[in-house]
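# Commentary on secondary and tertiary structure
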Amino acid sequence: MNRTIPVGLGTRAYDVVVGHGLLDDAGTLCAPFLKRGRTAVVSDATVWGLHGARLTAALAAAGIESHPVVVPPGEQTKSWEGLADVSDRLLALGLDRGDLIIAFGGGVVGDLAGFAAAIYKRGIDFIQIPTTLLAQVDSSVGGKTAIDTPHGKNLIGAFHQPRLVLADLDVLATLSAREMRAGYAEVVKYGLLGDFAFFEWLEANSAAVLARDPDALAYAVARSVEMKAEIVAEDEKEAGRRALLNLGHTFGHALEAETGYGEALLHGEAVAAGSAIAFRFSAAQGLCSGQAAERAEAAIAAAGLPTRLSQVASGAFPADALVRHMGQDKKAEGGKLTFVLARALGDTFVAKDVDAAAVRDFLVAEGALP
Ligand code: GLY
């Protein structure tokens, strides 16, 4: 059974539909948002090769003319060059403001196509059809769109909400076990940041979710989206509570920066290690119990995800380099380090004034190079 989760953003409100077999219904589901019955589908070569024909057929069955804009897979596509390429191809198709773009892929495609939609002829509607677990539970919902530059990740972008998100769980069947685990890190994050009952459910059901058991997967994705929708509706532009969604991200981004944002460490893996580190740092600061930090770590480790510096790439990270990356994190304000810290499992808060020296000492105690 499908679940429809509303994102309550007034005139920009939209639904996230979570279910099985949605790709085959994509034409009927997208048609109400199209004024002229034509669309451009931005996708990457991998996703398009696996599922492009099915989506094209589903759109055609509803009388929608679709034009694929296929880009190379990988983070390097989320660049100025990638944005220029997609924008020029959309212009060549003669898409008008009344038309719509479909972002069909993982986080890279969603961020890139969403940002292209935000600026194309000063803004055109778009629909997200996320094809990775990470994109379904996080990046496709909430309207953050961006590209990377040599200065860092996601530094140029816009808030541009989609008109609809279709999270087809069947598409996850073709995802590698590693990509599933990486997406699962963002699922555990929701339990850790704000829902202890969900965290306990995940402790009992992580194997079923990772094995793509249909019911377990549907519940995990729907509950994650529900939490994200509720937080985004309250704080769309991240003036306050939305920052909780960055649990594990400040430590995680530092590790990603040190490992080169690539195959050595996937974003979800960085978030996994970052979340465990954030809980241990909270415990070291006397904010939460050591037992809570141990339980958070155990739940993350049970999913086969890294929780310690020694489990990430070479394991050799200079503490100063990590702290420097944290200072450059775009969530840093006024040179102070900002972290999401924990009072308990399912109870977190944003700390904007964390002492960099305390973080450095803690990282050395965690095994970083002094
Ligand atoms: N991925 C964090 C957010 O959407 O706010």
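Placed above this text is the structure.
These notes cover the structure that comes with them.

What counts as what
Residues numbered from 1 in each chain as written. Predicted model: local features only at pLDDT ≥ 70, side-chain atom pairs only at ≥ 80, totals over all residues. Heavy atoms only, no water. Near = heavy atom within 4 Å. Polar contact = N/O pair within 3.5 Å; in protein donor to acceptor, adjacent residues only side chain to side chain. Areas by Shrake-Rupley, 256 points an atom, 1.4 Å probe, with all protein chains shown as cover. Nonpolar A, V, L, I, M, F, W, Y, C, P; charged D, E, K, R; others polar. Buried < 20%, exposed > 50% of the residue type's maximum accessible area, 1.4 Å probe, protein only. Helix = DSSP H or I, 4+ residues; strand = E, 2+ residues; numbered from the N terminus. Pairing = 2+ DSSP bridges. Axes fitted to C-alpha atoms, helices over the stretch in contact; angles between N-to-C directions. Contact = heavy atoms within 4.5 Å. Core = buried A, V, L, I, M, F, W, Y, C linked by side-chain atoms within 4.5 Å.

Okay, the site of the ligand next. Around the ligand, the neighbouring residues are Asp138, Lys144, Lys228, Glu238, Arg242, Leu245 and Asn246. With respect to the ligand, the side chain of Asp138 contributes an N or O atom lying 3.1 Å from a nitrogen atom. In this structure, an oxygen atom belonging to the ligand sits 2.6 Å away from a side-chain N or O atom of Lys228. About the coverage of the ligand: the protein hides 89% of its 190 Å² of free accessible area. Grouping the constituent residues of the shell around the ligand by class yields one nonpolar, one polar and five charged.

Counting buried positions over the five residues of strand β9 (residues 164–168) gives five, a clear majority of the element. By the bridge criterion, five bridges tie strand β2 (residues 14–19) to β9 in an arrangement that is parallel. Note on β9: the bridge partner recorded for Val18 is Ala167. Sheet topology note: the strand β6 (residues 125–130)/β9 ladder contains two bridges and is parallel. Bridge pairing in β9 links Gln128 to Val165.

A word on the sheet that holds β2. Taken in spatial order, the seven strands of this open sheet run β1-β2-β9-β6-β5-β3-β4, and their pairing is mixed. The sheet is open, and its two edges are formed by β1 (3–7) and β4 (65–71), each paired on a single side. Recorded for the sheet is a direction-independent mean angle of 20° between the axes of neighbouring strands. Packed onto the sheet, helix α3 (residues 80–92) meets β3 (38–44), β4 and β5 (100–105) and runs at close to 155° relative to β4.

Glancing now at the nonpolar core. Core analysis: the largest hydrophobic core is formed by 80 residues, its most contacted members being Tyr184, Val359 and Leu363. Here the element with the most residues in this core is helix α8 (residues 214–234); it accounts for ten residues. Excluding residues within four positions of it along the chain, Val359 makes contact with Phe251, Phe281, Val323, Met326, Leu337, Phe339 and Val354.

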